[in-house]
Every structure is written in C-alpha cells, then in structure tokens.
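A look at the structure
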Amino acid sequence: MTEELLNVEAIEAGYGDTRVLHGVDLHLSEGEAIAVLGANGAGKSTLMMTIAGIVPSRAGRVSYGGEEITATPAEERVGLGIALVPEGRQIFGSLTIEENLKIGAACLKHRIGATAARKQVDEGIERAFTRFPVLGKRPNDSGSALSGGQQQMLAISRALMSSPKLLLMDEPCMGLSPKLGNEVYDILKALRSEGQSMVIVEESSRRALDFVDRACVLKVGRKVLEAEAAELADDENLLSAYFGIDQAVEQQ
Amino acid sequence: MTALLQHIIDALSVGSTYALLALGLTLAFSIMNLINFGYGILLVWGAYGLLGLTEAGLPFGVAVILSVVGVTLLTMIIGRVAFRPFIGAPPITLLITSFAVLQIVQYAAIVAWGEKPRIINYPPAFTDVLHIGALRVPLLEIITIGTAAVVVLVYFVILNRTPLGSKVRAAAELPDMTRLVGIRPGTVQMTVFAISGAIAGVVGVLWFAKSGAITPRSDLEPTLKAFIAIVLGGLGNTRGALLGGFALGALEVLMSVTLPESVLGYEPAIVFAIVIAILILRPSGIAGAKVNPA
C-alpha cells in the first residue's frame, strides 16, 4: 500500500555561491500527493529542479522507487517516470502544439522500443486532445501563439506524454486568472482520482490543501512544517505563522 | 539590362557560399554558443580530400560525396573530442578552444599536404561558361546557386519536418526543458556538428572551384566571410545568416562594379568599416536578433 516512490534526504542545492536548500527532506508514497508551500524564494522551485535533476544536489540523497538517483542526469530521470511541469510552463514556442506533445514522449523510444512508443505517442496525443479540445482544434499552431492557460494545458499534457509515475507541478496557476487557475486544479483533481502521484508547489495554500494528502512548508531553504493536509486546513493560524504570507493573497 | 542581370547572378552566386557558411556556423552557435574559428579549415580539408581522391582516380562525383562525408565525420569527431567537454562553459572558452582546434587541424594539413598551393582538377561543368545572348554565365555560378538552394531546402526540411529537427529547435530555445523531456544534449550536439560539417564539406567543393589553389592557410577567407555575414545578419539566427550572406555577396559585387580601380584594393577595408558600423549601430544584425535555428 505505502510503497515508497520518492525519498529526498537532507538535500542541499543552489546556484553558484548561493545555497538555496539547506538540508530538505521529502517523502512520497506511491499514489500520494503532497503540496510544497512557501513564500517566494523559499526554495520550492529549486527543490523541484533538484528532484528533476536539472539543479545538482551538493549534499544529501534522492531516491526514487527504492533506487538512488542523486547523480542521475535529468534526461534519464524522465525515463524513470519523473516528469516536471516547470514554473512558467516552458512551452517550446518554435514547435507546434503537436510537436510539443511528441517531444514530451522523447524518452519512450529508449524505454519501450520504437513501435510501442509510436503507438503510445498516438494514444497520448489523442488523450491530450480529448482532455483539452482547444489544443486539438489547432495542432499545427506554434506554442508561442497560445494563451497562458492553453500553454499550461499543453505543459501538463506534454508531461503526461511520458506516462510519468511522479508528476511534479511547479506553481501551475502562476500568471493565470483565478478562473483558469480553478480549471487547472480541476484537471489536477481528475489526475488525482486516477491515482497519479504528484508533488505540487504553491505559494497560496487553500486550493492545494483541498486535494493533497500532506503538505509541507519551506522557509528560506528549510522545511519548517509538515502535516496532514486536513490538519493544516483546519489550523489556519499555524499555517499562516509558518507561512508568513499575506492572508490577502490567499483570499484571491 | 544584360549587365544588371549578370551582376545579380554574380552576387547570388557569391552570396550563396557565404550564406551557407553562415548557416553552418550560426547553427552551432544557436545550440552550443560555439563561435568556431576553425570552420574554414574544414573546407580546406574537404578540398584536400577531393584532391586526393580525384588524383587517386576516383570519378569526380564519387570523390565529392566521399569528401563531404569525410568532412562531416571530421567535424563530428572534433565536436566530440574538442568541443563537447567545454559545452556549458563561457562562450569565450569555446572560442579559444576553436583557435586551438584550428591550429592542430591546420598543421595536420601542412604536414599531410605541404604548403605548396595545389589545384583540384574540376570537370568541365565547373569551368565552362554559358553564353545566353550577351549574357556570359559561368556554369559554376549556376551550380553554386542551385546547390545552395538544395542545401537550404534540405536544412529546413530536416529542422522543421523531422523529429531530430524538432529536438534541435527545442534545444536551441529551452535547453533545460529539452533535457527534462528526456533528450540527451549529446544527441542534439552531434546532430548539429553533423549538419554544420556537411555544409562545410559542400561549400569546400564550391569554394575552391572558384578560388582555384588550395593551401593549408586557405581557411582564413571563408572563415572571415562567414563571420562578416553573421555579423550582418545577427548571430544565432538562421534567416539572418542567410540574409547576411547574400547581403555580403551583393555588397562585394556592387563594389567591384562601381568602385574605381584605384580604390578596389580597399574593398576589404570598406567591408570591415561597414561591419564595425553595424556592430556599433545595430549589434543584433540587420535582421534583428533572436536565436532561432530554423
């Protein structure tokens, strides 16, 4: 039941001379969802990039499915089943919608062979277009022509193309209107009900706490709190004390 | 009228080789921030290869294909051995590496072929002149323009219509995101070295049909012309590189036609003055800069 999926132990990471993460632990079981909350600059994105393998860890250990992957390069981690929907979505503007989806499945050829990969790519594209009809209407439009909301839909679809076991979502609602943000959360909820394991990074807690199992709060590169989501949602004082962000922001 | 047409064909032909060179260089820059001063020496090695193969008695067409394949492989080997370990380092490191590569590959040519100028025995198709009315068109110019058109077409098909091409475009735009979807940077880099090398191989065949003698130091002119074209067009931008190449070709023909003979010797100085002016006034090139390989 509680098969370990991801285990981050005392991870330290940063950029150049700046250390951003000072020994962060994160544990996730298969089928679980956890929210990583924290103010701007707390190190949430760096944590995601370290799990995905783009930012190297300087100390500590990352293991996935029981295997240590601390030194595994990013391009191999997606093949293991870790997919990141990064902050700012990072859609390839010079590629079409369909090319963006296809490239999301680039790791499949190595994993399951060319023929099986082709079949899974076709199915994945169909699923994406069923989930987001707006993308399917214009598959040859370039990624740069999409609105923010459409880009987020494409970014999620692109990550799903590799059939990840672990989905990392970095601030999925950033820059989106509240209405679009709700739509993104509806999608995430649907994925949750399909049993998708995920780590979701958010600045504002309310929406995320609704559908994750657990949540932790980062503050200047350290984990200061971790609890069941229901517990945190009930105890807003505790949360805001650690969280240190304006309640006004959360009310949005 | 005839004279004008003649000049246009001349300019297109000269511009074609510059445009191709700029294309090969700018692709490597858009992916790896590589400013490669060892690019021209690849043409020289391609020409020596063609020389050796034709002298060995191979049919010209076969020799051309083998020399282009040879330059492609040479470029990939250089890329793998010399450049790849430094990718991600500051561009200046790669630039200096390219000077080192140039020295090594150039001295290898001196050792292998000597410093005496050598001439490739091109078939008549490369040397004949076509007379259409008063128009006098060297066949080489038509071959050059036609080859350039084919190369550019193939380049765009590869980049825009193949899975490998979309990986290259993705890597030029968002290198980290490209890794995150599982594409090995090495695959993209080797693809780029192969394309850039193949272009150098093709241009080598055309270049020495026009300029004649090959020496191990014949690399300077093509390298310089390519960089001038890139400065004109904007580094890292394919359309800019092509535009820059043709602009340089047009400029050279225009000067050779209009300038009095006593000033013609200063042609390179005028070109460089224009380059400096552009660097000051419009550092992103006449096409405006945005890294875009396709």
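Residues numbered from 1 in each chain as written. Chains lettered and ligands numbered in written order. Predicted model: local features only at pLDDT ≥ 70, side-chain atom pairs only at ≥ 80, totals over all residues. Heavy atoms only, no water.

**A word on a negative patch on the surface**
Defined as follows: Surface patches are defined over residues having more than 30% relative accessible area and no salt bridge, joining like charges when they lie within 9 Å and nonpolar side chains (Val, Leu, Ile, Met, Phe, Trp, Tyr) when within 5 Å. Accessible surface area values rest on a Shrake-Rupley calculation with a 1.4 Å probe, where residue burial reflects the displayed protein chains alone. Any Lys or Arg side-chain nitrogen located within 4 Å of an Asp or Glu carboxyl oxygen qualifies as a salt bridge. The charged-residue count follows a simple rule in which Lys and Arg add positive charge and Asp and Glu add negative charge, with His and chain termini not counted at all. For charged residues, the charge sits on one atom: NZ in Lys, CZ in Arg, CG in Asp, CD in Glu. Helix and strand labels come from DSSP, where a helix needs a run of H or I of at least four residues and a strand needs a run of E of at least two; each type is numbered from the N terminus.
The grouping of E228, E231, D234 and D235 of chain A at the surface amounts to a negative patch. Following the sequence through the fold, D235 of chain A ends up in the loop between helix 10 (229-234) and helix 11 (236-243).

**Points about the pairing of strand 9 (residues 214-219) of chain A**
Residues and elements named next belong to chain A. Counted only if it meets this: Exposure is judged per residue with a 1.4 Å probe applied to protein chains only, and the accessible area is read against the type maximum: over 50% gives exposed, under 20% gives buried, and values in between give partly exposed. Two strands make a pair as long as DSSP finds a minimum of two bridges between them.
The buried fraction of strand 9 amounts to 5 of the 6 residues, a majority that puts the element mostly inside the structure. Both strand 3 (residues 33-37) and strand 9 contribute to a ladder of 4 bridges, which runs parallel. Across the sheet, the residue bridging to L37 is V217, located in strand 9. With 6 bridges joining them, strand 9 and strand 10 (residues 222-228) adopt antiparallel strand pairing. Within the sheet, the bridge partner assigned to C216 lies in strand 10 and is E226. Between strand 9 and the antiparallel strand that follows it, strand 10, lie 2 residues; V220 among them carries a positive phi value of about 30°.

**Thoughts on helix 9 (residues 185-211) of chain B**
Residue and element names in this part refer to chain B. Just so we agree on the cut-off: By this rule, a helix spans an expected 1.5 Å times one less than how many residues it contains.
Over its 27 residues, helix 9 runs 38 Å from end to end, which matches the ideal 39 Å to within 8%, given 1.5 Å per residue. Counting buried residues in helix 9 gives 22 out of 27 residues, a clear majority hidden from the surface. The first or second residue beyond helix 9 is G212, which carries a positive phi of 95°.

**Structural notes on the interface of chain B and chain A**
This is how it is decided: Contacts between residues were defined by any pair of non-hydrogen atoms, one from each residue, lying within 4.5 Å. Accessible surface is computed with a 1.4 Å probe, and the buried area is the amount of it that two parts give up when combined, taken over both parts together. What qualifies as a polar contact is a pair of N or O atoms within 3.5 Å, subject to a donor-acceptor requirement within protein and to the restriction that residues adjacent in sequence count only when both atoms come from side chains. Under the scheme applied here, ten amino acids are nonpolar (Ala, Val, Leu, Ile, Met, Phe, Trp, Tyr, Cys and Pro), four are charged (Asp, Glu, Lys and Arg), and all others, including Gly, are polar.
Between chain B and chain A, the residue contacts involve 17 residues of the former and 23 residues of the latter. Summed over both sides, the interface between chain B and chain A buries roughly 1800 Å², with carbon and sulfur atoms accounting for 60% of that surface. If you look at where chain B meets chain A, you find 3 salt bridges. Where E99 of chain A meets R169 of chain B, a salt bridge forms, and the shortest distance between an N and an O atom there is 2.8 Å. Viewed at the interface, chain A and chain B are joined by 5 residue pairs in polar contact (both at pLDDT 80 or more). Taken together, the residues that form the side of chain B that touches chain A break down as 7 nonpolar, 4 polar and 6 charged.

**Some remarks on the nonpolar core**
The line we're drawing: Here, nonpolar core refers to any group of buried Ala, Val, Leu, Ile, Met, Phe, Trp, Tyr and Cys residues whose side-chain atoms link them within 4.5 Å.
Among the nonpolar cores identified, the biggest contains 118 residues, and L26, L47 and V199 of chain A are the most heavily contacted of them. By residue number, the principal contributor to this core is helix 9 of chain B, which donates 14 residues. Core analysis: the next-biggest nonpolar cluster, separate from the first, contains 46 residues, V121, L167, Y185 and L209 of chain A among them.

**Quick word on the sheet that holds strand 2 (residues 18-29) of chain A**
Residues and elements named next belong to chain A. For the record, the criterion: Every angle, taken between N-to-C directions, lies between 0 and 180 degrees, and every axis is a line fitted to C-alpha atoms, over only the stretch in contact when it is a helix.
Pairing is antiparallel in the open sheet, where 4 strands are placed in the order 2-1-4-5. A single partner strand is all that each edge strand has here, and the edge strands are strand 2 and strand 5 (67-68). Bridging between strand 1 (residues 4-15) and strand 2 involves 9 bridges; their strand directions are antiparallel. Its bridge partner lying in strand 2, I11 is registered against V24. Together, strand 1, strand 2 and strand 4 (57-64) form the strand contacts of helix 1 (residues 44-52), whose direction differs from that of strand 1 by roughly 115°.

**What about the side chain of S16 of chain B?**
With respect to the secondary-structure elements, S16 of chain B resides in helix 1 (residues 2-32). Not counting the four nearest positions on each side in its chain, S16 of chain B is found in contact with T144, I145, A148 and F246 of chain B.

**Let's talk about the confidence of the model for chain B**
As a reminder, the rule being used: Residue-level confidence of the predictor is what pLDDT reports, using numbers from 0 through 100.
The predicted model of chain B averages 93 in pLDDT, with 97% of residues at 70 or higher. Mean pLDDT values for the elements of chain B range from 87 in helix 12 (residues 261-264) of chain B up to 98 in helix 3 (residues 60-83) of chain B.

**Details of the environment of T191 of chain B**
Residue and element names in this part refer to chain B. Note that T191 resides in helix 9. When its relative accessible area of 11% is taken as the criterion, T191 is described as buried. Beyond its immediate stretch of four places on either side in the chain, T191 contacts L164 and V168.

**Looking at the sheet that holds strand 3 of chain A**
Residues and elements named next belong to chain A. With respect to topology, 6 strands assemble into an open sheet ordered 6-7-8-3-9-10, the strand pairing being mixed. Because the sheet does not close on itself, it has two edges, and the strands there are strand 6 (82-85) and strand 10. On average, adjacent strands in this sheet sit at an angle of 15° to one another, irrespective of strand direction. Running over the sheet, helix 7 (residues 148-160) touches strand 6 and strand 7 (166-170) and is turned about 170° from strand 6. Contacts from helix 8 (residues 178-193) reach strand 3, strand 7 and strand 8 (197-202) within the one sheet, and its direction differs from that of strand 8 by about 155°.

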